[in-house]
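Commentary on secondary and tertiary structure
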There are 2 protein chains.
Amino acid sequence: MRVLGVDPGLTRCGVGVVEGVPGRPCTLVAYYVVYTDPEDDLPLRLLHLDRSLTDLVAEHRPDAVAVERVFSQHNVRTVMGTAQASGIAVLAGARAGLPVTTYTPSEVKAAVTGSGQADKAQMTAMVTRLLRLAEPPRPADAADALALAICHVWRGGTRSKLAAAAQRARRGGAR
Amino acid sequence: MRVLGVDPGLTRCGVGVVEGVPGRPCTLVAYYVVYTDPEDDLPLRLLHLDRSLTDLVAEHRPDAVAVERVFSQHNVRTVMGTAQASGIAVLAGARAGLPVTTYTPSEVKAAVTGSGQADKAQMTAMVTRLLRLAEPPRPADAADALALAICHVWRGGTRSKLAAAAQRARRGGAR
């Protein structure tokens, strides 16, 4: 399966695309960082992010999208922008008709390094090794996005399948 | 000018449309509350919100969109959903090519009641009076959205015009 991972941010939004199957090494397809200018108005920034993510989804035709879940414990100064960017990322996947799953940072760390406490350097090193890259992906936002995509491949999209089944069951009962 | 105001929320999102000119009473065009089911997956909820707001913008063809600015001091339990909903609302206006302005709750209160400290009941009473409605708009999310739209009409879209001019000047200098 091909997965597009998004590490949401308003100023820098990491995007990583990998291919693979659960339990085997993934292959790098591509990675990007979408930048928006902090001096621009919010509507322009969100529009640029929406268009960039929508274009990347159309270009790479992933089977699923994985987005990092944002918590309000994050950096208070940037958390609102990060939350808005994550909403745009989830929407871009949903508008393309793809299953979108969100993962907490510790879920991603645990899946990729074996420890939910891994730091940024350990994560980048592990992503570099897992994808057999000659150099670490830069900047770190791209490495985080690749880690999200790897995490989703290895978990086999289980959560989104379970959620979809539960939703179908609920809808069936309610309508 | 016709303005579509949005009081963003993931579970309940207020939308109010008014028409008017600065310094004169506004006229109610319509108001709505878009609901999404808290038991549904986030992608489905954001998709429903995006489609509903995009449809309402297309239906009412406003000259501008006004969205309440969200702060991280809000209710921590719901702030991430509110921030994501506000991102979707700003994007819906921007995708339609409209100027989108955000206002803080106190800016709206000050514009509509004369006091930045007004409570919800005072706001609803004032919106009812200003729009000469027979009954207060229900639920309160709709009244807040109408207040945002009135606030933008009365401020004559000044802020968005200034911001657009500043942005043009910056772009002209940079490119």
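Keep in mind that this is a model prediction, so the values were computed, not measured. (Residues numbered from 1 in each chain as written. Chains lettered and ligands numbered in written order. Predicted model: local features only at pLDDT ≥ 70, side-chain atom pairs only at ≥ 80, totals over all residues. Heavy atoms only, no water.)

**Thoughts on unusual backbone geometry**
Residues and elements named next belong to chain A.
- The linkage connecting arginine 138 with the following residue, proline 139, adopts the cis geometry, with an omega of -10°.
- Among the structural elements, proline 139 can be located in the loop between helix H4 (120-130) and helix H5 (140-154).
- At arginine 61, a residue that is not glycine, the phi angle is positive and equals roughly 40°.
- Along the chain, arginine 61 falls in the loop between helix H1 (42-60) and strand S4 (64-68).
- By relative accessible area, arginine 61 is classed as exposed at 70%. (Helix = DSSP H or I, 4+ residues; strand = E, 2+ residues; numbered from the N terminus. Buried < 20%, exposed > 50% of the residue type's maximum accessible area, 1.4 Å probe, protein only.)

**Describing the pairing of strand S1 (residues 2-7) of chain A**
All names here are of chain A.
- Counting buried residues in S1 gives five out of six residues, a clear majority hidden from the surface.
- Remark: four residues form the turn of the hairpin made by S1 and strand S2 (residues 12-19), two consecutive strands paired antiparallel.
- Bridge count for S1 against S4 is four bridges, and the pairing is parallel. When the bridges of S4 are listed, glycine 5 appears paired with alanine 66. (Pairing = 2+ DSSP bridges.)

**With respect to the UniProt feature "active site" (unreviewed entry) in chain A**
Residue and element names in this part refer to chain A.
- Residues annotated by UniProt as "active site" (unreviewed entry) correspond here to Asp7, Glu68 and Asp141. Maximum C-alpha separation among the annotated residues is 11.2 Å over a sequence range of 135 residues, consistent with a single clustered spot.
- Topologically, aspartate 7 is positioned in strand S1.
- The residues contacting aspartate 7, other than those within four sequence positions of it, are Arg12, Cys13, Gly14, Glu68, Asp141, Asp144, Ala145 and Leu148.
- The topology assignment puts glutamate 68 in strand S4.
- We classify glutamate 68 as buried; its relative accessible area is 15%. (UniProt positions renumbered as here; feature names shortened; annotations may be inferred. Contact = heavy atoms within 4.5 Å.)

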